[in-house]
Amino acid sequence: MSLVEQLYRLQQIDLELQGKQQELNDVGNRLSDDKDLVAAESKLASQKEQLEDARKKQKDSEWELEDLQDKVRKIDSKLYSGTTKDSKELVNLEKEVKGLKSQIRPKEDALLGLMSQVEEIEAEVKTTAEEVERLKREWEQRQETLGQRKREIETMLAKLGGDRDRLAQQIDSEVLNTYERLRLTRGQAVVKVERGKCQGCHITVPTSQWQKAKAGDLIQCTSCSKILYLE
Ligand SMILES: [Zn+2]
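Presented here is a report on the structure given in the accompanying data block. What you are looking at is a predicted structure, and each value in this text was computed from that prediction instead of being measured.

The rules behind each value
Residues numbered from 1 in each chain as written. Predicted model: local features only at pLDDT ≥ 70, side-chain atom pairs only at ≥ 80, totals over all residues. Heavy atoms only, no water. Phe/Tyr/Trp six-rings, centres within 6.5 Å; stacked < 30°, edge-to-face > 60°. Helix = DSSP H or I, 4+ residues; strand = E, 2+ residues; numbered from the N terminus. Axes fitted to C-alpha atoms, helices over the stretch in contact; angles between N-to-C directions. Parallel < 35°, antiparallel > 145°, perpendicular 65-115°, else oblique. Left-handed = near helix turned anticlockwise from the far one by under 90°. Contact = heavy atoms within 4.5 Å. Pairing = 2+ DSSP bridges.

Re the packing of aromatic side chains
Applying the stated rule across the entire model yields one aromatic pair. Summarising the aromatic geometry, the rings of Tyr 8 and Tyr 229 are spaced 4.2 Å apart at their centres and angled 20° between planes, so their arrangement reads as stacked. With Tyr 8 in helix α1 (residues 3-32) and Tyr 229 in strand β3 (residues 227-229), this residue pair connects regions lying 221 residues apart in the sequence.

Considerations on the packing of α1 against helix α3 (residues 87-169)
Where α1 meets α3, the axes come as close as 9 Å, and the angle between the chain directions of the two elements is 160°. Between α1 and α3, the interaxial angle falls into the category roughly antiparallel. Considering how the two elements wind past one another, α1 and α3 form a crossing that is left-handed.

Things to note about the packing of α1 against helix α4 (residues 173-186)
One way to put it is that α1 packs onto α4 with a least axis distance of 12 Å and a crossing angle of 45°. Between α1 and α4, the angle is such that the two are oblique. Every pair of crossing elements has a handedness; the one defined by α1 and α4 is right-handed. Of the residues in α4, those touching α1 at Leu 3, Leu 7, Leu 10, Gln 11, Asp 14, Leu 15 and Gln 18 are Val 175, Leu 176, Tyr 179 and Arg 183.

Some remarks on the environment of Leu 3
Within the secondary structure, Leu 3 sits in helix α1. Considered as a pair, Leu 3 and Ile 171 are 168 residues apart in the sequence and their alpha carbons are 7.3 Å apart. Sequence-distant contacts of Leu 3, that is, excluding residues within four places in its chain, are made with Ile 171, Val 175, Gly 216 and Leu 218.

Details of the sheet that holds strand β2 (residues 197-198)
Strand order in the open sheet formed by three strands is β2-β1-β3, and the pairing between neighbours is mixed. Every other strand in the sheet has two partners, leaving β2 and β3 as the edge strands with one partner each. Note: strand β1 (residues 190-194) against β2, two bridges, orientation antiparallel. Residue pairing in the sheet places Glu 194 in a bridge with Lys 197 of β2. Of the strands in this sheet, β1 and β3 touch α1, which is tilted by about 100° from β3.

Put into structure tokens, the structure is as follows:
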């Protein structure tokens, strides 16, 4: 392998390393991304709070209604037991029971409203709980497949890293420095010459130059400074 061929191969390995590293980062991000699950869990928690609140209101309303019915029953029994003879008192009791009875219907309506509210929230909680379960399963599955992919990429990276080290050891350190500098400043260090043109800047390469490059000499494009490579 000529020096330029070695550099070209080195660049291919570096590009592959870069791509794999990017993929590894992406996999890592996806592995730690549990936004949807966290959001669903927090939604479930708040719906459960709402449900608890609604159930408490329902209980309170049931007690109020029972209390009211109890009072009515007591007065009714007083009225109909015949123990109260005083007509004025009877009139007062009747008035009182009428007033209490008139409160029962609205209380019953309110209770029905609260009961249907509880049912509604119960249904919401059920839906969200199912959603949380689904997202959890998906997350676990993702951990498994992505975790496997992560290990695969890490193995590939280790192999590529080894390949790179072995190749780099064969290249003169000054040439390597030129290569690294070009990669850093130009994004690409080695470019092909196709139909007599530098593929880095598309300028026509003088014949003498590309002939030297073809022979394996290290020739940099006079225009873009990249190392010229001919297969
Ligand atoms: Zn060029």
